[in-house]
Amino acid sequence: MSIKTVLISYLLTFIVFLAVDMLWLGVVAKNLYSRYLGGFLSDKINWTAAFVFYLLFVAGILIFAVYPAINKQSVQHALLMGALFGFFTYATYDLTNLATLKGWPLPIVIIDIAWGTILSATVAYSGFQLTKWIS
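Rules and cut-offs
- Residues numbered from 1 in each chain as written.
- Predicted model: local features only at pLDDT ≥ 70, side-chain atom pairs only at ≥ 80, totals over all residues.
- Heavy atoms only, no water.
- UniProt positions renumbered as here; feature names shortened; annotations may be inferred.
- Helix = DSSP H or I, 4+ residues; strand = E, 2+ residues; numbered from the N terminus.
- Contact = heavy atoms within 4.5 Å.
- Axes fitted to C-alpha atoms, helices over the stretch in contact; angles between N-to-C directions.
- Parallel < 35°, antiparallel > 145°, perpendicular 65-115°, else oblique.
- Left-handed = near helix turned anticlockwise from the far one by under 90°.
- Nonpolar A, V, L, I, M, F, W, Y, C, P; charged D, E, K, R; others polar.
- Expected span 1.5 Å × (residues − 1).
- Buried < 20%, exposed > 50% of the residue type's maximum accessible area, 1.4 Å probe, protein only.

1. Side note on the UniProt feature "transmembrane region" (unreviewed entry) in the protein
Here comes step 1: UniProt marks residues 7-27, 47-70, 77-93 and 105-128 with the feature "transmembrane region" (unreviewed entry), using the numbering shown here.
Here comes step 2: Across residues 7-27 one finds 100% helix and 0% strand; the C-alpha atoms that close the span lie 29 Å apart.
Here comes step 3: Between the end C-alpha atoms of residues 105-128 the distance is 34 Å, and the span holds 96% helix and 0% strand.

2. Structural notes on the environment of F40
Here comes step 1: With respect to the secondary-structure elements, F40 resides in the loop between helix 2 (30-37) and helix 3 (47-72).
Here comes step 2: A sequence separation of 81 residues divides F40 from A121, and the C-alpha atoms of the two residues are 28 Å apart.
Here comes step 3: Those residues within four positions of F40 in sequence are excluded, and the remaining contacts are L101, K102, G103 and W104.

3. Describing the packing of helix 1 (residues 3-28) against helix 3
Each pair of packed helices gets described by two things: the angle between the helix axes and the distance between those axes.
Here comes step 1: Put simply, helix 1 and helix 3 touch, their axes get as near as 9 Å, and they point 120° apart. Between helix 1 and helix 3, the angle is such that the two are oblique. For the pair helix 1 and helix 3, the crossing hand works out as right-handed. Contact residues: V6, S9, Y10, T13, F14, F17, L18, D21, M22 and L25 in helix 1; F51, F53, Y54, L55, F57, V58, A59, I61, L62 and Y67 in helix 3.
Here comes step 2: Per-class residue counts for the contact of helix 1 with helix 3 are 17 nonpolar, 2 polar and 1 charged.

4. Some thoughts on helix 4 (residues 75-100)
Here comes step 1: The end-to-end C-alpha distance of helix 4 is 37 Å, a good match for the 38 Å that 26 residues give at a rise of 1.5 Å each.
Here comes step 2: Every buried residue of helix 4 is listed here: H77, A78, G82, A83, F85, G86, Y90, A91, D94 and N97.
Here comes step 3: Contacts made by the buried residues of helix 4 are with helix 3 and helix 5 (106-134).

Quick look at the structure:
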């Protein structure tokens with residue numbers, strides 16, 4: 001795979017991730033997080049930290065799910081590895097919070113891990129299709 005293909009697939013996958021996650025955070029689950037995490041939420045979003053997270057997370061999806069699936073020519077591999085990547089990363093975050101933060105709500109742990117699994121599988125599928133399309 002050429003550097004150009006990698007960069008374009010990264011950019012397109014990044015856009016998909018951003019769009020899907022912003023729909024979730026800004027519309028679907030906005031009130032959910034406010035209700036459960038109101039005391040934990042900052043008045044201002046640290047956009048630099050958020051942007052760095054998105055950059056790194058999309059790289060992880062590509063490295064651990066999309067590019068191996070491209071090599072295997074298997075969309076099922078992209079979906080499975082994307083789902084597992086999301087499950088393990090979101091579980092790490094949420095279970096660490098549950099273990100160390102007073103009052104971290106169990107419903108958020110369950111919802112967030114499910115969301116991370118679905119989001120990452122969706123983005124891995126999209127990244128796979130986009131990468132095949134531009135290759």
